[in-house]
Amino acid sequence: MPPHHLSVDQTISAQPQPQVSQPEMEQAVRTLLLGLGEDPDREGLRDTPKRVVKALQFLTSGYHQSLDELLNGAVFHEDTDEMVLVRDIDLFSSCEHHILPILGRAHIAYIPNGKVIGLSKIARICEMYARRLQVQERLTQQIAHALQGLLKPQGVAVVIESTHMCMVMRGVQKPGSWTVTSSMQGVFAEDAKTRQEFMSLIRHSPSFHS
């Protein structure tokens, strides 16, 4: 897990990682099953430690990705200064406090300043940061700072709407609650009209269905 003092733009892959073997990770899951009162040797659970480790490795694969790898040269010079918006990007992440799902959507916009990025790469950047242990506030900032650093645009806006299973399945147990976070950079922070245009374009009731 990244130390809390890291900036939102630093990636865990840049930090020294403890070497833990696959069998050690699987044994840890087996220990958890025993602690929960289960029998990890019964038929239905025999392969569960292996499956849990594999699932967690996939869900946190963003730690081992970089922006350079994702972009693969998909930044282009373009003489345009109109807003580019990709909305309703499905988002799946994991809460770092309970390792339970965060499910929602991201809306990402920028105003070019001589450079544009392939549209699919915007979703890929969102996915890379989402596939780490997260808090929604940091995830929102990471996406915004990444685009700001890559494109040096006139401004970037990111809004994430999500529901947290740690609130729905445990704790206060409040299904139907949504958390909204935003990061406004450049002209989106400075110009109320531009910010309002973005907010009006993404306005809708949070839902996983169109």
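Calculation criteria
Residues numbered from 1 in each chain as written. Predicted model: local features only at pLDDT ≥ 70, side-chain atom pairs only at ≥ 80, totals over all residues. Heavy atoms only, no water. UniProt positions renumbered as here; feature names shortened; annotations may be inferred. Helix = DSSP H or I, 4+ residues; strand = E, 2+ residues; numbered from the N terminus. Buried < 20%, exposed > 50% of the residue type's maximum accessible area, 1.4 Å probe, protein only. Contact = heavy atoms within 4.5 Å. Phe/Tyr/Trp six-rings, centres within 6.5 Å; stacked < 30°, edge-to-face > 60°. Patch = residues over 30% accessible without salt bridge, like charges linked within 9 Å, V, L, I, M, F, W, Y side chains within 5 Å. Areas by Shrake-Rupley, 256 points an atom, 1.4 Å probe, with all protein chains shown as cover. Salt bridge = Lys/Arg side-chain N within 4 Å of Asp/Glu carboxyl O. Lys, Arg positive; Asp, Glu negative; His and termini not counted. Charge placed at Lys NZ, Arg CZ, Asp CG, Glu CD.

- The protein is annotated in an unreviewed UniProt entry as GTP cyclohydrolase 1 from Roseofilum acuticapitatum BLCC-M154.
- Quoted straight from UniProt, the Catalytic activity (unreviewed entry) entry for the protein says "GTP + H2O = 7,8-dihydroneopterin 3'-triphosphate + formate + H(+)".

1. Focus on the UniProt feature "binding site: Zn(2+)" (unreviewed entry) in the protein
Moving on, step 1. When the UniProt feature table is mapped onto this chain numbering, "binding site: Zn(2+)" (unreviewed entry) sits at Cys-95, His-98 and Cys-166. Judged by maximum C-alpha separation, these annotated positions cover 72 residues in sequence but sit close together in space, the widest gap being only 7.7 Å.
Moving on, step 2. With respect to the helices, strands and loops of the structure, Cys-95 is situated in strand β2 (residues 84–95).
Moving on, step 3. Note on Cys-95: relative accessible area 4%, which makes it buried.
Moving on, step 4. Setting aside anything within four residues of it in sequence, one finds Cys-95 in contact with Leu-100, Ile-102, Gln-134 and Cys-166.
Moving on, step 5. Relative to the elements of secondary structure, His-98 occurs in the loop between β2 and β3 (101–111).
Moving on, step 6. The exposure class of His-98 is partly exposed, given its relative accessible area of 37%.
Moving on, step 7. Sequence-distant contacts of His-98, defined by excluding residues within four places in its chain, comprise Cys-166 and Arg-170.

2. Topic: the packing of aromatic side chains
The relation between two aromatic rings is expressed through the spacing of the ring centres and the mutual angle of the planes.
Moving on, step 1. The final tally for this structure, using the stated rule, is one aromatic pair.
Moving on, step 2. Here the aromatic rings of Phe-188 and Phe-198 are separated by 5.8 Å at their centres, their planes lie at 70°, and the arrangement is edge-to-face. With Phe-188 in helix α7 (residues 187–190) and Phe-198 in helix α8 (residues 192–202), this residue pair connects regions lying ten residues apart in the sequence.

3. Considering a nonpolar patch on the surface
Moving on, step 1. There is a patch of nonpolar side chains on the surface, built from Val-52, Leu-56, Phe-58, Leu-59 and Ile-99 and spanning about 400 Å² of accessible area.
Moving on, step 2. Relative to the assigned elements, Leu-59 resides in helix α2 (residues 48–59).
Moving on, step 3. On the basis of relative accessibility, which here comes to 38%, the residue Leu-59 falls in the partly exposed class.

4. Concerning a negative patch on the surface
Moving on, step 1. Taken together, Glu-78, Asp-79, Asp-81, Glu-82 and Glu-197 make up a surface patch of like negative charges.
Moving on, step 2. Inspection of the secondary structure assignment puts Asp-81 in the loop between β1 (75–77) and β2.

5. Re the pattern of salt bridges
Moving on, step 1. Under the defined criterion, the tally for this structure stands at eight salt bridges.
Moving on, step 2. One salt bridge in this structure joins Asp-88 and Arg-87, with 2.7 Å as the shortest N-O distance.
Moving on, step 3. Accessibility expressed as a relative area gives 32% for Arg-87, which makes it partly exposed.
Moving on, step 4. As a salt-bridge pair, Glu-96 and Arg-138 come within 2.6 Å of each other at their nearest N and O atoms. Taken as a pair, Glu-96 in the loop between β2 and β3 and Arg-138 in helix α5 (residues 136–151) lie far apart in primary sequence, 42 residues in all.

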